[in-house]
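Residue-level structural notes
Single-letter residue listing:
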Amino acid sequence: MDCRKMNYMGMNGGAAPAAWGHPAVATRPYAVEEQRQLVEQQLLLSLEAVQSSKQALWRQRLVDLESQLAAKLNVVASTALRKQDDLARADQELLRAAQQRRNEELEKVQRSHRTEASLQEQQIKRLMEQREEERRKEEERKRREEEERRREAERQEAERERARKEAEASKARQAQEADKKRAEADAAAQKAEAAAKAKKAAASAASKAHPCLRVSAGAAEQAEQLAARLAELQASIKPLTDDEGTKKARRDIEKKLTVHVQQISGTQNQVAVKCQDVYNLLSGVQGPWRAYAVLTFANKIIKQQELVQLNNKAAFPLAQVAVKISSYFPELLDALLGLIQKSMPLAVPQAYVHDAAQITNNAYYRGMGFEELDDPAAPSGKVFESPDEYLKRLEGLLLLYAAVMQVDEPNRFGVAYAWSWVARCLNSLPADRYTAKALVAVLRVAGFSLFTRYRGQFVKLMGTLRRDFLPALRATAAGDDLISAFATLLESYVDDGVFRRPPEGRNMPAFDISSRPENRA
């Protein structure tokens, strides 16, 4: 049913026109058309009203939406402005913090510079005071020496005067002089005889070497040369030591050298001072008296091995003084190393294999350099020192020996000599506790100098120790904890590259910092 039909039904009370199935009723055609047009107009008006109402409603909704959007935009704009203000304030705060940090850093740097400048000024002041003190001490020392020389000159003049008076009426003095000349001639003859005996003994020993003795030919030859030089020095002083009249003068030399050796400490300044003192003393004597002073000085250094056992770094200043003095008196190192080798054959290096079938215990201990001590309770009145005491003495002497060999200055028994010693030890000596202890002592002190000089070659030499010597050493342990400990020490020395670092005490400070007034408690 279309709209027009619905409208007609509404307008006529729901009754259909007669033309739709009822009897025809006489009506005006124009009236129907007008009525239809009127209805259409009313519908159009109604539609337009509905449309206008909807348009007004949509416009109102658009206005509301625009208002809501404007409000939201205002909120967003306000929030953005607020955030912009917050960011600006944060930037200002960061700038202020950065400026404050820069100011603090600048103040810290300035304070550090001021502190450093103050410390440098204090250090310069201390150095100037030290130099002034040294100058004053040097002047005082020279004054004392001058006074001593003056007194000595006066004493000598008095002695000459007394000698002149005695010579006039004393024939005994002439006889004494003749005896003295004969004694000097005898001393010269004894010196030559001692040298000949030493060479003969060395040749005899070489031809009759014990089957248990282990020593390289080069080491044996060098040891023989040192022994011969030592014998010559000892023979040259025999007239002095046999003459009771020289006892006081000998005792004076010993006292002075004892003081000098005891005053040697681990600073460059003290080493230089003691070198000068010992040089002055040795320069002041001639002939057999100089030989006596040299031998006495060498013995005094060797006696410090007990101190070196307790404080290993004490070996370095002693060795420095000995090597520096030897540049003026070469016989000093001959005496020092000859005495060490005589007391400790492992310094050669040489050693004996302890084979009970071929060597007795006494012969073994004597060959290894064990000291014989007095013991009234023993059948022979003598006993050998214990292995522990021997190992301690071995350590002290070998630390001194190695300290001499590692000195970089012109040195006949320097780093090349140390290289030969280590190589001969690994190639010729038995792998036992005594050889291991000697290697530990020498490498601890001279290993760094050997590595500095030979680099890769020394690393290869340590590889030989690691590959060949240590397994042979461990094979002889048989439950000996000491051998195992020495093997572990040597293994750590090689694996950890200890030889790449200078040993403690080698690099001596210029002065003893603790002795300065500002560092005293």
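The name given to the protein chain in an unreviewed UniProt entry is mRNA export factor GLE1, with the source organism recorded as Chlamydomonas incerta. As stated in UniProt under Sequence similarities (unreviewed entry), the record for the protein chain gives "Belongs to the GLE1 family." The record held by UniProt for the protein chain lists under Subcellular location (unreviewed entry) the comment "Nucleus, Nuclear pore complex".

Describing helix α6 (residues 247–262)
Taking 1.5 Å per residue as the helical rise, α6 with its 16 residues ought to reach 22 Å, and the 22 Å between its terminal C-alpha atoms agrees with that figure. For α6, the set of buried residues is Arg250, Ile253, Leu257, His260 and Val261. Buried residues in α6, looked at end-on, bunch into an arc of 95 degrees, giving them a common side. Among the exposed residues of α6, those oriented more than 90 degrees off its buried face are Lys248, Lys255 and Gln262.

A few points about the packing of aromatic side chains
Summed over all chains, the structure comprises 14 aromatic pairs. Seen from their ring centres, Tyr493 and Phe499 are 5.9 Å apart, and the 55 degrees between their planes marks the pair as tilted. On the basis of relative accessibility, which here comes to 10%, the residue Tyr493 falls in the buried class. The buried category is assigned to Phe499, whose relative accessible area is 3%. Through a chain of ring-to-ring contacts, the aromatic side chains of Tyr364, Tyr365, Phe370, Phe384, Tyr390 and Tyr434 assemble into a single cluster.

Details of the side chain of Ser326
For Ser326, the location among the structural elements is in helix α10 (residues 315–326). Of the residues examined, Ser326 reaches a relative accessible area of 10% and is grouped as buried. Within polar-contact distance, the side chain of Ser326 engages the backbone oxygen of Val323 at 2.6 Å. For Ser326, the contacting residues outside a window of four places in its chain are Leu332 and Leu333.

Re the packing of helix α15 (residues 433–454) against helix α16 (residues 456–475)
The interhelical angle for the contact between α15 and α16, taken along N-to-C directions, is 165 degrees, at an axis separation of 10 Å. In terms of orientation, α15 lies roughly antiparallel with respect to α16. Viewed along their axes, α15 and α16 form a crossing whose handedness is left-handed. Here Arg433, Thr435, Ala436, Leu439, Leu443, Gly447, Leu450, Phe451 and Tyr454 of α15 come into contact with α16, specifically with Gly456, Gln457, Phe458, Val459, Met462, Leu465, Phe469 and Leu473. Its residues assigned to classes, the contact of α15 with α16 comprises twelve nonpolar, four polar and one charged.

Conventions used here
- Residues numbered from 1 in each chain as written.
- Predicted model: local features only at pLDDT ≥ 70, side-chain atom pairs only at ≥ 80, totals over all residues.
- Heavy atoms only, no water.
- UniProt positions renumbered as here; feature names shortened; annotations may be inferred.
- Helix = DSSP H or I, 4+ residues; strand = E, 2+ residues; numbered from the N terminus.
- Expected span 1.5 Å × (residues − 1).
- Buried < 20%, exposed > 50% of the residue type's maximum accessible area, 1.4 Å probe, protein only.
- Arc of directions from axis to C-beta.
- Phe/Tyr/Trp six-rings, centres within 6.5 Å; stacked < 30°, edge-to-face > 60°.
- Polar contact = N/O pair within 3.5 Å; in protein donor to acceptor, adjacent residues only side chain to side chain.
- Contact = heavy atoms within 4.5 Å.
- Axes fitted to C-alpha atoms, helices over the stretch in contact; angles between N-to-C directions.
- Parallel < 35°, antiparallel > 145°, perpendicular 65-115°, else oblique.
- Left-handed = near helix turned anticlockwise from the far one by under 90°.
- Nonpolar A, V, L, I, M, F, W, Y, C, P; charged D, E, K, R; others polar.

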